[in-house]
Amino acid sequence: QLRLVESGGGSVQAGGSLRLSCTASGFPNIRYCMGWFRQAPGKEREGVATIDIDGGLTYADSVKGRFTISRDDAESTLYLQLNSLKPEDTAMYFCAAEVKRLDVACPGLERSNDYSDWGQGTQVTVSS
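Brief notes about the nonpolar core
Link 1 in the chain: Counting residues in each nonpolar core, the largest one holds 30 residues, and the members touching the most others are Met-34, Trp-36, Leu-80 and Tyr-93.
Link 2 in the chain: Going through the elements one at a time, strand S3 (18–25), strand S4 (32–39), strand S5 (46–51), strand S7 (67–72), strand S8 (77–82), strand S9 (91–99) and strand S11 (122–127) are the ones with two or more residues in this core.
Link 3 in the chain: With near-sequence residues (within four places) excluded, Leu-80 lies in contact with Leu-18, Arg-19, Leu-20, Trp-36, Val-48, Ala-49, Phe-67, Thr-68, Ile-69 and Tyr-93.
Link 4 in the chain: Counting five residues, the second-largest nonpolar core is a separate cluster that includes Phe-37, Ala-96, Cys-106 and Tyr-115.

Structure follows, in structure tokens:
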């Protein structure tokens, strides 16, 4: 089982930026599908961005052009750069991972249940 720990959240003004990090430990030599998900109070969890083992990216329409997901496998770290933040981005942000299977695409934004390993989350609060 992979252990994931998020960091980098905080409180910012609208239009500001944050950089979230997710550090993985346990199986550093195994390739993983990874993604960021978020959940605001009273709302369902939603997919934000995913990245596959080859660097393929997907983004929710609401964050395209503002957020960037990346990974540094040598450091076992996943990142999410959040720019031009809006109050609507306020949520707890979670990092998730799933072992990449042969000939099977990584789970997409709507397939959060297919990710097996999750961090505890880091809070992002954006004020207007």
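Remarks on the pattern of salt bridges
Link 1 in the chain: In the structure shown here, the tally under the stated rule is six salt bridges.
Link 2 in the chain: For Glu-46, the salt bridge identified is with Arg-38, shortest N-O distance 2.8 Å.
Link 3 in the chain: Glu-46 gets classed as partly exposed once you look at its relative accessible area, which sits at 34%.
Link 4 in the chain: For Asp-114, the salt bridge is made with Arg-111, and the minimal N-O distance between the two is 2.9 Å.
Link 5 in the chain: It is possible to trace a salt-bridge network through shared partners that takes in Arg-38, Glu-46, Arg-66 and Asp-89.

Side note on the state of the cysteines
Link 1 in the chain: By the definition in use, this model includes two disulfides.
Link 2 in the chain: Two residues share a disulfide in this structure: Cys-22 and Cys-95, whose sulfurs sit 2.0 Å from each other. Classification of the bridge connecting Cys-22 and Cys-95 rests on its S-S torsion, roughly -75°, and on that basis the disulfide is left-handed. Placement of Cys-22 in strand S3 and of Cys-95 in strand S9 is noted, with a sequence separation of 73 residues between them. Grouping residues by exposure puts Cys-22 and Cys-95 together as buried.
Link 3 in the chain: Two residues share a disulfide in this structure: Cys-33 and Cys-106, whose sulfurs sit 2.1 Å from each other.

The rules behind each value
Each chain has its residues counted from 1, running along the sequence as written. In keeping with the model being predicted, local features are shown solely for residues with a pLDDT of at least 70 and side-chain atom pairs are shown and tallied solely at 80 or more, while totals for entire chains, interfaces and linings include all residues. The basis for every side-chain value is the complete set of non-hydrogen atoms in the structure, without hydrogens or water. Definition used in this section: a nonpolar core is a set of buried Ala, Val, Leu, Ile, Met, Phe, Trp, Tyr and Cys residues joined via side-chain atoms within 4.5 Å. Three labels apply to residues, based on accessible area from a 1.4 Å probe with only protein chains included: buried if under 20% of the type maximum, exposed if over 50%, partly exposed otherwise in between. Helix and strand assignments follow DSSP, with helices taken as H or I runs no shorter than four residues and strands as E runs no shorter than two, numbered in order from the N terminus. Working rule for contacts: check all heavy atoms of both residues, and any pair within 4.5 Å makes them a contact. Here, a salt bridge means any Lys or Arg side-chain nitrogen found within 4 Å of an Asp or Glu carboxyl oxygen. Whenever a pair of cysteine sulfur atoms sits within 2.5 Å, that pair is classed as a disulfide.

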